[in-house]
Amino acid sequence: MPTPALHYHEATKHHFQRFARSAGHLDWKTQPNPFRRYDGAPRLELPRAASERALPLPYGGLYEPPRDPAVLTLPSIAELLRCSLGLSAWKSIRGSRWALRVNPSSGNLHPTEAYVVWDAGVFHYAPDAHALEYRGRLARQTWDEWSGGAILIGLTSVHWREAWKYGERAYRYCQHDLGHAIAALRFAASLLGWRLALLPRWSDAEVAALLGIDRDEDAGGAEREAPGCLAVVTPGEPAAVMRRWPSTLLDAITPAGWRGTANTLSGGHVDWRAIDDVARAAAYPGVHDVAAGVRLPDPGAPKMAPAPPVASPGARDVILRRRSAVAFDPRVGLRLDTFLQMLTRLRPHAPPWDAVDWPVAVHLMLFVHRVEGLVPGIYAFLRDPSAEPELRAAMRPEFLWEPVHDLRLLVPTDVTWAANRLSCDQDIAGDGFFSLGMLARFEATLAQHGDWAYRRLFWECGLIGQVLYLEAEAAGVGGTGIGCFYDDPVHETLGLTGHAWQSLYHFTVGEPVEDTRLETAPGYEWE
Ligand SMILES: Cc1cc2nc3c(=O)[nH]c(=O)nc-3n(C[C@H](O)[C@H](O)[C@H](O)COP(=O)(O)O)c2cc1C
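The model shown is predicted, which means the values in this text are computed figures rather than measured ones.

Caption draft 1: Expanded view of helix 3 (residues 140-147). When we look at burial in helix 3, the residues that qualify are W143, W146 and S147. Viewed along the axis of helix 3, the buried residues span an arc of 85°, placing them on a single side of the element. Away from the buried face of helix 3 by more than 90 degrees, exposed residues Q141 and E145 are located. Taken together, the buried residues of helix 3 touch strand 5 (112-118), strand 8 (151-157), helix 7 (239-243) and helix 8 (246-250). Directly beyond the C-terminal end of helix 3, a positive phi value near 55° is found at G148.

Below is the structure:
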């Protein structure tokens, strides 16, 4: 009997003959508003100046252990949000205009909403205005003791924003986006010399109660948000807050303190029951066993190559400049050292991997087209090399597994056509230096942890994608996440059968070709 998550996963695969179920067209009349507002909630405009701490940090500094942390004040919280979830640009063409953000999103639909718990208040972040909306209040003394000077960031998803375009497969994209947002926040915390770690004890229901998204009375007819995760952000050690119990803080909520009513995002909806069902089945139950320990994040960064000292671009600049490439120049190749450096960043221990407390479950299957000194072909990059025997046994017996630097060459051959075809016939997958599929240890992860771990696998993929986006940007090239790929044909190419391993996300990196028809304006008029 498949679990609900496995059932959903199977049902939302793209096949050569048939895409996952969706409306099949875009109903522009019901296009969801990408910006949530809480009408009637007091609004706090955030400071606009860049942080003095963040400005001089070279890109490589994002991955190094923090030192000289910024003081946690409203201006530095503003910088954290601006450099993770704020607006990065406005694009326009022939009368239509849309915002882009520091974090990427499938279809630029931005299902992820963010909340900040700070100064005994619960706030919603409104990225369009770069403002906080005051939602709820906590007993001051309990908050001060519980938080010990840290803040919390909560992330949620509006599934409908993605489902409007992508139908049933949208739940996957919401989880990818959440993973990107976690990594974007982790890197912005690095800019300020802070740590960020997810809080493993908090169940979805507890996260919803803290953020106030479970309150029917504030929702009216507005689209509801599904709880995603809660993270601690701190200039110190996250361990103490990670160990604290949610109930103490939830008891400190002032019931009469809630303010604001959520805005309606769309004039009409299509119900996608498959999404409601998987969301229910994959709810995170939290940890209630008082004896259960918390796996603390590893603060060290022992395996990271040092950042290039002279030519390293500024970290803040790279973060704010991140953009998805829409086309690549297929004549350009990538330097080998740059390629290997990108992959090294995906090994655990350094940020953003210290934000999560689970072991590596996702590895890369690379379609290498044009990397200096490498024979084109399919390569494996194992983020945890101990997975090799298991993967090897699961994949085609004729694969070579020949060591090449940190990679394993599986098949030496031109794979531009295959990469393009498998990624829904998107040219960007074949025109780049390389593209890749993220292969997750699937069945065993769900069997061990339950269906909620389905979300976590996608988050891990989103984190990988965010690192690759920044690495590409820092190297002066471009990357793009690819959520559209033909699932089982990817598995067949690799000789995988069953559900032990599943490809959950693709990514491509290449020499970007700009779309010069678009006009670009800054994310905020004051910048
Ligand atoms: C999960 C995810 C899946 C995506 N899938 C595709 C894709 O299949 N094809 C594509 O061209 N872009 C894809 N993108 C890129 C988005 O279209 C892009 O992030 C969005 O338009 C916002 O632009 P920006 O990244 O430049 O801010 C994806 C992005 C994410 C985060």
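Caption draft 2: Up close: the sheet that holds strand 3 (residues 87-93). Strands sit in the order 4-3-19 across an open sheet of three strands; the sheet is antiparallel. The open sheet has two edge strands with one neighbour each: strand 4 (96-101) and strand 19 (519-522). Looking at each pair of strands side by side, their axes are set apart by 25° on average, direction ignored. In this sheet, strand 19 lies alongside strand 3 in antiparallel orientation, the contact comprising four bridges. The partner of W90 across the bridge, within strand 19, is A521.

Caption draft 3: Expanded view of the state of the cysteines. Within the structure shown, the criterion is met by one disulfide. A sulfur-sulfur distance of 2.2 Å marks the disulfide that ties C424 to C484. Across the S-S bond linking C424 and C484, the dihedral sits near -85°, which makes this disulfide left-handed. With a gap of 60 residues between them, C424 in the loop between helix 13 (416-422) and helix 14 (427-431) and C484 in the loop between strand 17 (478-482) and helix 17 (487-494) connect regions that are remote in the sequence. As a non-bridged cysteine, C174 has C229 as the owner of its nearest cysteine sulfur, 13 Å distant. In this structure C461 is a free cysteine whose sulfur lies 15 Å from that of C174, the closest cysteine sulfur available.

Procedures and definitions
Think of each chain on its own: its residues are numbered from 1, step by step along the sequence as written. Restriction of local features to residues with pLDDT of at least 70 applies here, the model being predicted, together with a cutoff of 80 or more for giving and counting side-chain atom pairs; totals for whole chains, interfaces and linings are based on all residues. Side-chain figures throughout are based on the complete set of non-hydrogen atoms in the structure, without hydrogens or water. For every residue, the accessible area obtained with a 1.4 Å probe (protein chains only) is divided by the maximum for its type, and the residue is called buried under 20%, exposed over 50%, and partly exposed between those limits. To qualify as a helix, a DSSP run of H or I must reach at least 4 residues; to qualify as a strand, a run of E must reach at least 2; elements of each kind are numbered from the N terminus. Picture the helix axis, draw a direction to every C-beta atom, and the arc is the one those directions span. The contact criterion used throughout is that any non-hydrogen atoms of two residues lie within 4.5 Å. Strands pair, by our definition, only if DSSP identifies at least two bridges between them. Every axis corresponds to a line fitted to the C-alpha atoms, with the helix fit spanning only the stretch in contact, and the corresponding angles, defined between N-to-C directions, vary from 0 to 180 degrees. Pairs of cysteine sulfur atoms within 2.5 Å are identified as disulfides in what follows.

Nothing here speaks to function; it is all geometry.
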